[in-house]
Amino acid sequence: MQKQTGPVWVIAEQIDCQVLAVSLQLIGQARKLAMELETSVEVVLLGDQLDEQTRQLFAAGADKVYLGNAPELALYQPEMYVEIITKLAKERRPEIMLIGSTSMGCELAPLVAARLATGLTAHCIDLVLDENKILENKIPAYGGLMSIICPDKRPQMATIASGVFPTPHPDDSRTGEIVPLEVPDDIPGLIQTLQVVREEPEGVSLESAPIVVAGGAGAGDLEGWRKIADLSQVLNAALGSTRPAVDAGWTELETMIGQSGKIVSPKLYIGVGLSGELQHMVGVVGAKVMVAINSDAKSPVFEQVDYGIVDDCREFIPTLIEKIKAYQEKLVTC
Amino acid sequence: MLKIVVCVKAVPDPKEAHKIKIDPVTKTLIRSSVPLVLNLIDKNAMEAALQLKEQLDAHITVLSMGPPPAGNIVKECLALGADRGYLLADQAFGGADAYATAYTLAKGIEQIGAYDVILCGMASSDGSTEWVGPEIATFLKIPVVTRVKELVEYDGQWWKVKADVENGYRLVQVKLPAVFTVTRELNTPRTLSFSGIIKARKKEITSWGINQLGVPEETVGQKGSPTIVSNLAAIESKREVEIITGTREEKAERLVQKLADTGVI
Amino acid sequence: MIDFTLTEEQEMFRKAAREFAETKVAPKVKEMEETGKASQAVIKAMVEAEMTALTIPEEYGGLGLGYTARLIAVEEVSKISVAAGMMLQVFGLGIEPILKFGSEEQKKKYLPELAKGERLGGTAVTETTGGSDPAGLRSSYIKDGNDYILNGRKCFITNSHIADTIIILARDEEDPKAFSTFIMEKGMEGFKATHEENKVGMRGCNTGELAYENCRVPQENLLGAEGKGMRVALGAIGDVGRGGMVGCALGLQAACLEASVKFANERILYGKPISSLQTIQNKLADMKIDLEAGCLLGYRAAAMQDKGERCSNEFAAAKYFTTEAAQRAAKMAIDIHGGYGCMEEYAVSRYLRDAFVLGPSAGTSDIMKVIIARWVLS
């Protein structure tokens, strides 16, 4: 008698009662995996004042939603969230557990994985089932693609960034079972989230920008970085970065594009003074046109773009900005 | 006296890490001789420990799991101002994923003895999972706050810290002992000083293997790792680049023309 | 078995010096080039990084690290800025005579403050009548009671304006064969720094003139035995001065090579990077051989110095070799850069100008050869 494969789980996330796009994307992908495994998709959502949200989850592909809906769960409370999820996981024995790689997800996932003594993979840019129906997590590494599997332990856990998988078309005809979850009363009480403060992000959000200009180490210094910022402004683009630029302090972690950062799908991507490291380039998905400006003719970035300019970006950008402005003026006048 | 343990990692120098490539035929890594350096964000963890030592009464132990060359980065941390160093080095620890790494480090910390605060960089520049800090906390059965970008209150049993979230922060209250993983925003790390290097002469580094930790082989290294690498493949690019040539002016003009023609601007 | 490697600790010193140079000196290079003046920010940072304390023993408030550590520090700083490296090396040059020839009172008075950077040092020998011929100098002193009255001028003195504690060599007015060294302090009446030079290279290193007119110098500022000053001055310059030049030159050689490799890998001609062309590779090989040889000569001499052995000859050879090599390296770097090498935005044009100032500093190449010939023929 064949053992029934456990469900494919998605730990969904909501901020101010808005379900995050990444959660819906993961439910979409979970649906595909579940069909191959001949099992169901179950979603865990924790928060407070959640009424309408389950509908979205079903419409995205969930068969069952475990809903924790209480004031104590309004903010991400590590002890409670971890306790609820691990207790439920021990009961329901999911085959796979997917979590969005948000700040919460990146903390929650390893806490759950360690409690369940199972394997976890980060920065996946694709999830498929291999010939043994084991989840194959593909992550970019060393200029290539590494596949990581968790052959024995269950659930097989993975965190994925927003934008790796498409947001599924909602099927509003879908419904499912809602299972209410209780707030645990036996938590140690050693850690408490007191408040969460967020600001509206300035400018165009990277994930939705039609044009993205990304800068890297080639900016050289803050002055060079500003020139790249000027370029993004003149194009009305969103400004992204690579890790070296963040480490150098020229820009915030929030602007970082790549496997550990944001995923973007612009019409036009211009990579300035960056080497085209895979960890960054995988963050650029489905761009119509890709351009690179780099002073090193041998840079690997030139193998991954449509148009290349070999030049010192600090010298080239002012000239480029001139030409763009001239072009824009012509557009206005004709 | 506040007892701090800082977990640090020796990683391939990020400036040269691109030289490590996948051999498309054998599907293994071609490691050229890229030197190992202290993981950049771990410097922020060290700096946090040093600032705490300056403000409160504290003792800093540095712990790292890695091959013997990793001993140099432990020494570097002693030169920065840590008091004591431990290196977990054994062939048995090799090939560990984040889970086994965290487990081994947690065992090391237990062996070190009493601790109040464990500091780690948020992620390493090579693996970059962000898992090790939280998993250490789980194995030690203590709380963790990840992505700490500011210490708000920190002179008692209960600390208040700000953790980084998208476009803002999370204010967290936590009881010691606890693990904190830190971001680059937390502080500006100091550089090595000559007198620090001199003082480090008298500081001890102890190396522990699997026997000293007293753990079974199946719990560490590759054997103790729930995940394994099943495949390494080279990536084929689907784009063919056109390098635009000419004088600087010409290149800029031609690029703008191409972008206009393809309708993206 | 000869071990040519630096110790682990010395490698850490190098790391610390490199971090210092990259974070504290590099941002000031542009300003130094434009103004030609020493950067107060760099001086402050050097003091904070304990670089003025390297060769001063711990009992006088220094780090007691010795001459290899000093060479490492000067070399790393010079990779980023030869001007800053030169300034640093001359701080050491001002410390050395007090260290080697000072009385216990003098050491206690000056060394702790020099270590902390509360005093900045220099040594002045050269005059318009001779640098290569120090015996031709005209500055003179005459005894007046227990004091000395000094008259004269020095030129081409590094740190002339920024140093406050300067070792001056002068001749006895009454006995032309006798020379003495004095510890001069800014603030002594009649002693001042006058004209500041505007050099074409090593910009950011202060070079200028000193003048002392009827300057009264107390007895306790006589350094070493009266009449034996030549030994004091040349002794310091011979080892520490030349050693410092070696550091500057090695740093510059390394910078030239690094810039050349980078450019050669990026510059495409005939469809490939010029680093694939043999003529370019020849130059890179030459630079590399010179750098390896220069390091061995320099660090060998510094190792001898740390052991307390006489090494002014070894340093003469190292100084000659490395400063000449730096000039060759800079020229080759310019050649490799082609037209770009003549443009201000490319550092190599600065390297060329810096390289040529290395030659006449702390003894010209011709004088080095005289010394080496003497060594061979002795």
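Just so it is clear, the structure is predicted and the values come from calculations on it, not from any experiment.

## A short note on the overall build of chain B
No. 1: What chain B contains, in helices and strands, is seven helices and 15 strands.
No. 2: In terms of overall dimensions, chain B has C-alpha extents of about 65 × 45 × 40 Å along its principal axes.
No. 3: Burial analysis of chain B (265 residues in total) assigns 53% to the buried set.
No. 4: Accessible surface, chain B: about 11500 Å² in total, of which carbon and sulfur atoms supply 49%.

## Concerning the overall build of chain A
No. 1: Each helix and strand counted, chain A has eight helices and 18 strands in total.
No. 2: Relative to a compact globule of 334 residues, whose C-alpha radius of gyration would be 20 Å, chain A shows 22 Å and is just as compact.
No. 3: Taken along its principal axes, the extent of the C-alpha atoms in chain A is 65 × 45 × 45 Å.
No. 4: Buried positions account for 58% of the 334 residues belonging to chain A.
No. 5: Sequence separation of at least 24 residues holds for 63% of the intrachain contacts in chain A that already meet a minimum separation of 6.
No. 6: As displayed, chain A offers around 13800 Å² of accessible surface, 48% of which is attributable to carbon and sulfur atoms.
No. 7: Each charge sign in chain A was given a centre, from 27 positive and 45 negative side chains, and these centres are 4 Å apart.

## Section: the sheet that holds strand β14 (residues 211-215) of chain A
No. 1: Sheet architecture is open: six strands sit in the order β15(A)-β14(A)-β16(A)-β17(A)-β18(A)-β15(B), paired in parallel fashion. A strand with exactly one partner marks an edge of an open sheet, and here the two such strands are β15 (238-241) of chain A together with β15 (242-243) of chain B.
No. 2: In the sheet, strand β18 (residues 307-310) of chain A pairs with β15 of chain B via two bridges, with the strands oriented parallel. By the bridge assignment for β15 of chain B, glycine 308 of chain A is matched with isoleucine 243 of chain B.
No. 3: Packed onto the sheet, helix α7 (residues 248-261) of chain B meets β16 (268-272), β17 (289-294) and β18 of chain A together with β15 of chain B and runs at close to 165° relative to β18 of chain A.

## Let's talk about the interface of chain A and chain B
No. 1: On the chain B side, the residues contacting the 79 residues of chain A number 68 residues.
No. 2: Both faces considered, chain A and chain B share a buried interface measuring about 6800 Å² in area, 61% of it formed by carbon and sulfur atoms.
No. 3: Ranking the residues of chain A by area buried against chain B places Tyr142, Leu190 and Tyr307 of chain A at the top, with a combined share of 11%.
No. 4: The tally of links between chain A and chain B comes to nine salt bridges.

## Quick look at unusual backbone geometry
No. 1: That bond from arginine 154 of chain A to proline 155 of chain A is cis: its omega, 0°, falls within 30 degrees of zero.
No. 2: Within the secondary structure, proline 155 of chain A is located in the loop between β10 (144-149) and β11 (156-160).

## Points about the interface of chain B and chain C
No. 1: Facing 13 residues of chain B, the contacting portion of chain C comprises 16 residues.
No. 2: Contact with chain C buries surface across chain B, with Leu192, Phe194 and Ile197 of chain B losing the most and accounting together for 46% of the total.
No. 3: Those elements that place two or more of their residues in the side of chain B that touches chain C are α2 (71-80) and α5 (194-199) of chain B.
No. 4: Tallied by class, residues from the side of chain B that touches chain C come to five nonpolar, four polar and four charged.

## Re helix α5 (residues 222-234) of chain A
All names here are of chain A.
No. 1: Compared with the 18 Å implied by 1.5 Å per residue over 13 residues, the 18 Å span of α5 between its first and last C-alpha is a close match.
No. 2: Turning to α5, its buried residues number three or more, namely Gly224, Trp225, Ile228, Leu231, Ser232 and Val234.
No. 3: Capping the start of α5 is the job of one residue whose side-chain oxygen sits 3.1 Å from the backbone nitrogen of glutamate 223: aspartate 221.
No. 4: Two residues or fewer past α5, asparagine 236 is found with a positive phi of approximately 55°.

## Side note on the packing of aromatic side chains
No. 1: Within the structure shown, the criterion is met by 16 aromatic pairs over all chains.
No. 2: Summarising the aromatic geometry, the rings of tyrosine 99 of chain B and phenylalanine 139 of chain B are spaced 5.2 Å apart at their centres and angled 90° between planes, so their arrangement reads as edge-to-face. One end of the pair, tyrosine 99 of chain B, is in helix α3 (residues 98-112); the other, phenylalanine 139 of chain B, is in helix α4 (residues 132-140), and 40 residues separate them in sequence. Each member of the pair, tyrosine 99 of chain B as well as phenylalanine 139 of chain B, carries the same accessibility label: buried.
No. 3: In this structure an aromatic cluster arises from ring pairing among Tyr99, Tyr103 and Phe139 of chain B.
No. 4: Between lysine 162 of chain B and the ring centre of tyrosine 169 of chain B, over which it is positioned, the NZ or CZ distance is 4.3 Å.
No. 5: The ring of phenylalanine 321 of chain C carries the charged tip of arginine 328 of chain C above its face, separated from the ring centre by 5.9 Å.

## Let's talk about the packing of helix α7 (residues 229-266) of chain C against helix α9 (residues 312-337) of chain C
For any two helices packed against each other, the geometry is given by the interaxial angle and the distance between the axes.
All names here are of chain C.
No. 1: Their axes nearest at 8 Å, the elements α7 and α9 cross at an angle of 25°. By the angle class used here, α7 and α9 are roughly parallel. The two elements α7 and α9 meet at a crossing, and its hand is left-handed.
No. 2: Each residue belonging to the contact of α7 with α9 can be placed in one class, and the counts come to 18 nonpolar, eight polar and three charged.

## Describing the confidence of the model for chain B
No. 1: Of the residues in chain B, 96% have a pLDDT of 70 or more, and the chain-wide mean is 91.
No. 2: Model confidence for the complex: the whole-complex pTM is 0.86, and ipTM, which rates the interface, is 0.90.

## Digging into the pattern of salt bridges
Residue and element names in this part refer to chain B.
No. 1: Under the defined criterion, the tally for this structure stands at 54 salt bridges over all chains.
No. 2: Here glutamate 130 makes a salt bridge to arginine 147, at a shortest N to O gap of 3.0 Å. One end of the pair, glutamate 130, is in the loop between β8 (117-121) and α4; the other, arginine 147, is in strand β9 (residues 144-153), with 17 residues separating them in the sequence. Side by side, glutamate 130 and arginine 147 carry an identical accessibility label, which is buried.

## Examining the nonpolar core
No. 1: Grouped together as the largest cluster of nonpolar side chains are 143 residues, with contacts concentrated most on Ile4, Leu119 and Phe180 of chain B together with Met46 and Met51 of chain C.
No. 2: The dominant element in this core, judged by the number of residues it contributes, is α7 of chain C, at 18 residues.
No. 3: Apart from the residues within four sequence positions on either side, leucine 119 of chain B is in contact with Ile4, Val5, Val6, Cys7, Ala45, Ala48, Ala49, Phe180 and Val182 of chain B.
No. 4: The next biggest cluster of nonpolar side chains, apart from the first, holds 60 residues, and it includes Met80 and Ile85 of chain A together with Cys7 and Ala106 of chain B.

## Quick word on the pairing of β11 of chain A
Residue and element names in this part refer to chain A.
No. 1: Of all the five residues making up β11, five are buried; the element is thus mostly covered by neighbouring parts of the structure.
No. 2: Of the two faces of β11, the one carrying Gln156, Ala158 and Ile160 and the one carrying Met157 and Thr159 are both buried.
No. 3: Both strand β6 (residues 96-100) and β11 contribute to a ladder of five bridges, which runs parallel. Each bridged residue has a counterpart across the sheet, and for methionine 97 the counterpart in β11 is methionine 157.

## Notes on the side chain of asparagine 44 of chain B
No. 1: Among the secondary structure elements, asparagine 44 of chain B is positioned in helix α1 (residues 40-55).
No. 2: Contact partners of asparagine 44 of chain B, with chain neighbours within four places excluded, come to Val182, Thr183, Arg184, Asn187 and Pro189 of chain B.

## Looking at helix α11 (residues 365-377) of chain C
All names here are of chain C.
No. 1: Compared with the 18 Å implied by 1.5 Å per residue over 13 residues, the 18 Å span of α11 between its first and last C-alpha is a close match.
No. 2: Residues Ser365, Met368 and Ile371 constitute the buried set of α11. Buried residues along α11 cover an arc of 115° about the axis, so they all sit on one side. For α11, exposure combined with an orientation more than 90 degrees from the buried face picks out Asp366, Arg374 and Leu377.
No. 3: Here the buried face of α11 lies against α7 and α9.

Rules and cut-offs
- Residues numbered from 1 in each chain as written.
- Chains lettered and ligands numbered in written order.
- Predicted model: local features only at pLDDT ≥ 70, side-chain atom pairs only at ≥ 80, totals over all residues.
- Heavy atoms only, no water.
- Helix = DSSP H or I, 4+ residues; strand = E, 2+ residues; numbered from the N terminus.
- Buried < 20%, exposed > 50% of the residue type's maximum accessible area, 1.4 Å probe, protein only.
- Areas by Shrake-Rupley, 256 points an atom, 1.4 Å probe, with all protein chains shown as cover.
- Rg over C-alpha atoms; globule rule 2.2 N^0.38 Å.
- Contact = heavy atoms within 4.5 Å.
- Lys, Arg positive; Asp, Glu negative; His and termini not counted.
- Charge placed at Lys NZ, Arg CZ, Asp CG, Glu CD.
- Pairing = 2+ DSSP bridges.
- Axes fitted to C-alpha atoms, helices over the stretch in contact; angles between N-to-C directions.
- Buried area = accessible area lost by both parts, 1.4 Å probe.
- Salt bridge = Lys/Arg side-chain N within 4 Å of Asp/Glu carboxyl O.
- Nonpolar A, V, L, I, M, F, W, Y, C, P; charged D, E, K, R; others polar.
- Expected span 1.5 Å × (residues − 1).
- Polar contact = N/O pair within 3.5 Å; in protein donor to acceptor, adjacent residues only side chain to side chain.
- Phe/Tyr/Trp six-rings, centres within 6.5 Å; stacked < 30°, edge-to-face > 60°.
- Lys NZ or Arg CZ within 6 Å of the ring centre and 35° of its normal.
- Parallel < 35°, antiparallel > 145°, perpendicular 65-115°, else oblique.
- Left-handed = near helix turned anticlockwise from the far one by under 90°.
- pLDDT = per-residue confidence, 0-100.
- Core = buried A, V, L, I, M, F, W, Y, C linked by side-chain atoms within 4.5 Å.
- Arc of directions from axis to C-beta.

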